[in-house]
Structure formats: C-alpha cells, structure tokens
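What the coordinates show
Here are the chains, one letter per residue:
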Amino acid sequence: MRQHHSVFKRGKQTRLPKTEDEKASPLHVDNVRPMNVGLLRGRMSETTRARFDETWRRTFDVAKLRPSSSRRVSRLQAKHAEELEMNGIAQRASGPGRSVNVPFTVVEEKEGALRQRFILWTHEANDAIEADGYEAQVPLKHVSTYLDAVHAECGSTRDLRCGFYGVEVPRGARDAFRFQDDAGDWWELTRLPMGHTCAPELMHTLTSTIAGHPDFVKTVHAVPAAVTVHTWVDNVRYAGSRKVDELAARSKVTWKDADTRTASTRYEFIGVDWDHQSGKVGISARLSKKLARDLVEVRKGAMSASGLETLGGRLLHASAIVGVFVGEFYFALKFLRRLTNALNRGEKAVDQTVRLSGSVQRLLDGWVRAVLEKRRMPVTARVPSLTVFVDASLEGWGGVLVDVATNAIEVLGSRWSRKEKGLHINELEALAFELCVSAVPDKYAGGTVTVVVDNTTVQGVARKGACLRSQTLNDAVVNGLTRLRHMNISLSVRWVKSAGNPADLPSRVPLSAISDKNMADMALAVRQFLTGDMGLVV
C-alpha cells in the first residue's frame, strides 16, 4: 500500500477501536435520502461535468475488476453491518464480489464524544485506478485564502448529513463493494463509501454544485456575485448578507442540523473562529482544545508517530490563521518532515512511541504556545496595490515594481557577488525574492502586494512559509515575509512563464544597459500578464 504521510495537510487523528470503544461508542450512520445526481449533473458547467463523468466512470465502471486470491481478516462487527442495512447503506449479498474489500471502523472525537466511522477500503479498485493515472482534483485551498470573507456582513455554514451516504452506488456496480462481517456473512454497499480513492472528489464536486459555487456550475445556477461560497468536501460556508440562509434552503438536500444553522456574525468553519462584526479571525475552540492537549503530551517528552504527524498539520493550519511564521520554527518542522518520511518508508509504525530530544521538545512547545497565545488576528480589507515581478539568473537579480492604480513601473536589479554566484539557482531566486520585497516602498503599508515569480520552488516556500531543503532559501524567503508582516501587507504569490517575466532582463544585464525599447517591451509583458494573456494563478 502506498503511504501518504505528511504534515503539509490538515486532518483528524483517528484510530482503530479498542474493545471498550466498540461497546461504548455508536456507529455514525443515518438513513439519508439519496441525491438526484442527474439533476446536479445538469447544473454543472461543461468543464465540471466532463471531469465528474470521468471520475464517476472510474469509480463505478467495475467490469475489468477481478478479485485476487487473498482474503483479509475483517474487523467489522456483525451488529454494525446490520446497522448499515437498517439505514439503507448496505444489503445482504450471496458471496464474494468483483474485488476484495476491507471493512473496518475508526474512532474519532466529535463534539466532545467518541463515535465510530465506517470505512470500506476498496484497495484493489484503488490500486487499479491509481495505476491508470488518476489523481484527485479536490481544490481545498490554503486556509489563508478564505479569511477575507470575514468582512462580509455575516456567514452561514452547512454540513451535508452523512454526505457520502447520499450518493447511491449504481446497481450494476454494487458487487464491487462487497465485504464480510465477523460472523462470515456477505454484504454489499448501496451508498458511496469512505475508503474509495475517488470518493472525496465526487463528494466535493457534488457539494460544490449543490452550493452553487460559480467555479463548478452554470451561471444560471451560481450564487449571486455579492455572495462568497466555500466548500470543503461536504461542508459549505456562505458569506454575504443575511439572506444567505435562503441559498441553503433552496438546495433541497438533507443538511445536518439545518433548522439551527442561521446566518450569524460569529461561527466556526474549517478550524477558524470567524467574527464578522470585528473583522477578526482566530483559532476555533475545538482546534485550541486539541492543541492544548498536544502541548501536554509534548511536555511529557514522548508522543506517538501519528500524534506528531497530526500535531504538525494542526500547527501549520493554526499558524496560517493567526499569522505565525512557520519559518521561525524551521528545525521543528524539519524534525516532523523526517518523521513522516520515515513513516512513508516503513521505518516507523504510526503507533510507535517517539522520544523527543530536549531541543525538539522546546521548539514544539514554543510553536504551540506561539499559536495559542496569539489566538485572534484582524483581517484587513484590502485592495491590490502593488505587483512585484521577481527573477534571478546566474549573473544577477531583477525586479519590476508596478503600481496597480497608476501603472507606474520601477525597475530594480544588481549583480551577484562571487560568493552568491556559488549558490544553487533556487537559492538565488529566493534571494531575489527577499531583495525585491525589501524594496517595497513604505507607502504600500497596509495594502496588498502580489509577487510574481517563474520559480515554483520559491512560490511554494512563500505560500508555506518555510523550506526544509535549504536553510539559505528558507531564511531569504522568511526575511521577505517578515518585512511584509511588519508593514501589515497581505501577500499573494503568482507564477508566470519565464518567457513572459519582465524581470528577466534586469537580472541579466546592468540597469544602465536597459534601453527605452527594453522598457517598452517590459511594459508590454506586464500588461499581457495583468490582463490574463499569459501566466497562471496558483
């Protein structure tokens, strides 16, 4: 089985149930009405529908599947299989199906109580689909990109009730979703399971379509332009006027606790505490509680490998919410990255206890405290004010600063020293980033700076706030980010093709050698990028 351990993702910490959990915690099931997938498909834009149809085909076109001779021990109790049947999620089957599937439950904490979630690991189907080149397209963006919505009048959140169970498995494909309980009886799912590699993308697309997300649906079905909608797999948040509740009501699907979810100026969504009245965001109460518990474990000097992996994800997520620069905890992040690499290579088990050295313990302790102490951060309503094109060559660095309001252009650049010329090109690009950002005039304090680079490494490091491969690269980017933070500047980073980067020329030739024609060519490149004729937003 391919491993996917990483601290660069947000996730819940789950575990297999112990005997006492199986007796005390209920199975999370509900008899929900199946979605009208045909109706929703008709609302999708042409591009979304084409991708959805392809993913649907991969999920349910099971004619080529052939079961292997191996049989895996089932962990699903017979009483849980019967609960699935009672709620219309599974039905009895005559025997094995087209593929070998592994049913089990995991224990998770929800609203202060433990519950069990059913998973059907369709490992043979997953392997075949991934071998065919499938990569999920679930555009869950960095949390920082969602924060500006706090300036709307209010927000309203929705959560599809048992969302995955709202997708009905076609009858002709159900024998590919068979499993056995611990009594030896055979069952097959009638609803989409968690555990199938395509399930998250199908769920996210259907939820986005239900919500009227303009990136997924035809214009006639999209929410009004004055409303912002964000989807996170089977969760939705509308931000706008107090009429946002009407958008959820007209979707005619089964929302969880729909009668209690009304438009509000204060609520929690994706780990963020949103306060529309003050224009501030903070860490949600649930996330704060989990981090406080993690801090207790860190101070004991040992944690499980899975616990450390989850802690890393939580810290990165929380840091982005309250503006803690993760580059300041470079060595803690490097330790976590090495741990997840060891998990992926099979050198450590997820339940293995990891002893923390004194230095790692202090770094993780400091990082958790930095996040918890900051708690809330104002999100300034901003208008784009400056675009900065950045480039580096083996000869020097160049920058082009463009005032968005006046289109005035300033060209920067200089040659590298002999020592700097010995650095890797990615490190030179990072130094160029730092030099250009440091040149942003004070009059843009409190505004927005869009930095445009043609180096994806620097782009990624600027978005994450840290680099584990190079201390030089990390320090250069963090210095630039720190400068912007002190100026209360909001940063976005975009990518441009090298051929369309106007900063390329000043990185290669002295500023004194740039002619009027060169300036005109750079101005043209700037206009082409800003009007969308080239480049790509990431």
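Before reading further, recall that the structure is shown in the block above.
Since the structure is predicted, the reported quantities are computational estimates derived from the model, not experimental observations. (Residues numbered from 1 in each chain as written. Predicted model: local features only at pLDDT ≥ 70, side-chain atom pairs only at ≥ 80, totals over all residues. Heavy atoms only, no water.)

Thoughts on the pairing of strand β7 (residues 228-232)
Along β7, four of the five residues are buried, which leaves the element largely enclosed by surrounding structure. Pairing analysis gives five bridges linking β7 to strand β8 (residues 235-240), with the strands arranged antiparallel. Within β8, the position partnered with Thr228 by the bridge is Ala239. What sits between the antiparallel neighbours β7 and β8 is a turn of two residues, in which Val233 has the positive phi angle 60°. (Buried < 20%, exposed > 50% of the residue type's maximum accessible area, 1.4 Å probe, protein only. Helix = DSSP H or I, 4+ residues; strand = E, 2+ residues; numbered from the N terminus. Pairing = 2+ DSSP bridges.)

Section: unusual backbone geometry
Here the phi dihedral of Val233 falls at roughly 60°; this positive angle occurs in a residue that is not glycine. Tracing the backbone shows Val233 in the loop between β7 and β8. We classify Val233 as buried; its relative accessible area is 17%. With a phi close to 55°, Asn488 is a non-glycine residue in the positive phi region. Among the secondary structure elements, Asn488 is positioned in the loop between α14 (471-486) and β19 (490-495).

Topic: the pattern of salt bridges
Taken as a whole, this structure holds 26 salt bridges when the rule is applied. Among the ionic pairs, Arg57 bridges to Asp61, the shortest N-O distance being 3.9 Å. As a salt-bridge pair, Asp132 and Arg58 come within 3.0 Å of each other at their nearest N and O atoms. Of the two residues, Asp132 sits in the loop between α5 (123-131) and β4 (154-159) while Arg58 sits in helix α3 (residues 46-60), which places them 74 residues apart along the sequence. Arg58 sits in the buried class, given a relative accessible area of 17%. (Salt bridge = Lys/Arg side-chain N within 4 Å of Asp/Glu carboxyl O.)

With respect to the sheet that holds strand β10 (residues 272-275)
As summarised here, the arrangement of the four strands in space is β9-β10-β11-β14, forming an open sheet in which the pairing is antiparallel. The open sheet is flanked by β9 (266-269) and β14 (376-378), the only strands paired with a single partner. Between one strand axis and the next, the sheet turns by 25° as a mean value, whatever way the strands run. Relative to β14, strand β11 (residues 280-283) runs antiparallel, the two being bridged by three bridges. Considered in β14, the bridge of Lys280 is made with Pro378. (Axes fitted to C-alpha atoms, helices over the stretch in contact; angles between N-to-C directions.)

Looking at the nonpolar core
Counting residues in hydrophobic clusters, the biggest one holds 84 residues, and the most contacted among them are Leu84, Phe179 and Trp367. In terms of residues, this core owes the most to one element, helix α9 (residues 305-322), which gives nine residues. With residues near it in sequence (within four places) discarded, Leu84 still touches Leu27, Val29, Leu76, Ile89, Ala90, Phe118, Tyr165 and Phe179. Counting 33 residues, the second largest nonpolar core, distinct from the first, contains Ala432, Val437, Cys467 and Met487. (Core = buried A, V, L, I, M, F, W, Y, C linked by side-chain atoms within 4.5 Å. Contact = heavy atoms within 4.5 Å.)

Here we look at the sheet that holds strand β1 (residues 90-92)
Spatially, β1-β6-β5 is the arrangement adopted by the three strands of the open sheet, whose pairing is antiparallel. This sheet does not close on itself; its edge strands, each paired only once, are β1 and β5 (178-180). The average angle at which neighbouring strand axes cross in this sheet is 35°, direction not considered. By the bridge criterion, three bridges tie β1 to strand β6 (residues 186-189) in an arrangement that is antiparallel. Residue Gln91 lies in a different strand from β6, and its bridge partner there is Glu188.

Comments concerning the packing of helix α8 (residues 285-300) against α9
The N-to-C vectors of α8 and α9 enclose an angle of 130°; their axes lie 11 Å apart at closest approach. Between α8 and α9, the crossing angle belongs to the class labelled oblique. Considering the relative orientation of α8 and α9, their crossing is left-handed. Along its contact with α8, which presents Leu287, Lys290, Leu291, Asp294 and Val298, the element α9 presents Leu311, Arg314, Leu315, His317, Ala318 and Ile321. The residue makeup of the contact of α8 with α9, split by class, is seven nonpolar, one polar and three charged. (Parallel < 35°, antiparallel > 145°, perpendicular 65-115°, else oblique. Left-handed = near helix turned anticlockwise from the far one by under 90°. Nonpolar A, V, L, I, M, F, W, Y, C, P; charged D, E, K, R; others polar.)

Concerning the packing of helix α12 (residues 425-438) against α14
The geometry of α12 relative to α14 is characterised by a closest axis approach of 8 Å and an angle of 15° between their N-to-C directions. Judged by the inter-axis angle, α12 sits roughly parallel to α14. The interaxial crossing formed by α12 with α14 has left-handed handedness. Contacts between α12 and α14 involve Asn426, Glu427, Ala430, Leu431, Phe433, Glu434, Val437 and Ser438 from the former and Thr472, Leu473, Ala476, Val477, Asn479, Gly480, Leu481, Arg483 and Leu484 from the latter. Class assignment for the residues of the contact of α12 with α14 results in nine nonpolar, five polar and three charged.

Some points on the packing of aromatic side chains
Under the defined criterion, the tally for this structure stands at nine aromatic pairs. Note on Phe118 and Phe179: the rings are 5.7 Å apart at their centroids and 50° apart in plane angle, and the pair reads as tilted. Here Phe118 is found in strand β3 (residues 113-121), whereas its partner Phe179 is found in strand β5, with 61 residues between them in sequence. Of the residues examined, Phe179 reaches a relative accessible area of 0% and is grouped as buried. Through successive ring pairs, a cluster of aromatic residues spans Phe52, Trp56, Phe60 and Phe177. Over the aromatic face of Trp274 sits the side chain of Arg237, whose NZ or CZ is 4.1 Å from the ring centroid. (Phe/Tyr/Trp six-rings, centres within 6.5 Å; stacked < 30°, edge-to-face > 60°. Lys NZ or Arg CZ within 6 Å of the ring centre and 35° of its normal.)

Considering the side chain of Ser208
Tracing the backbone through its elements, the reader meets Ser208 in helix α6 (residues 199-211). Given a relative accessible area of 0%, Ser208 falls into the buried group. Other than its neighbours up to four places away in sequence, Ser208 contacts His213, Phe216, Val217 and Thr231.

Describing the environment of Leu412
With respect to the helices, strands and loops of the structure, Leu412 is situated in strand β17 (residues 409-415). Along the chain, Leu412 and Leu435 lie 23 residues apart, while their C-alpha atoms are 9.3 Å from each other. Not counting residues up to four positions away in its chain, the partners in contact with Leu412 are Trp397, Gly398, Gly399, Leu401, Ala439, Pro506 and Leu511.

Comments concerning the side chain of Asp454
Mapped onto the fold, Asp454 is located in the loop between β18 (448-453) and α13 (456-464). Among buried Asp, Glu, Lys and Arg side chains, Asp454 stands out as unpaired, with Arg508 the closest opposite charge at 7.2 Å. For Asp454, the side chain forms a polar contact with the side chain of Ser498, separated by 3.5 Å. A polar atom in the side chain of Asp454 sits 3.3 Å from the side chain of Asn501. When residues no more than four places from it in sequence are discounted, the contact partners of Asp454 are Val390, Asp391, Glu429, Trp495, Val496, Lys497, Ser498 and Asn501. (Lys, Arg positive; Asp, Glu negative; His and termini not counted. Polar contact = N/O pair within 3.5 Å; in protein donor to acceptor, adjacent residues only side chain to side chain.)

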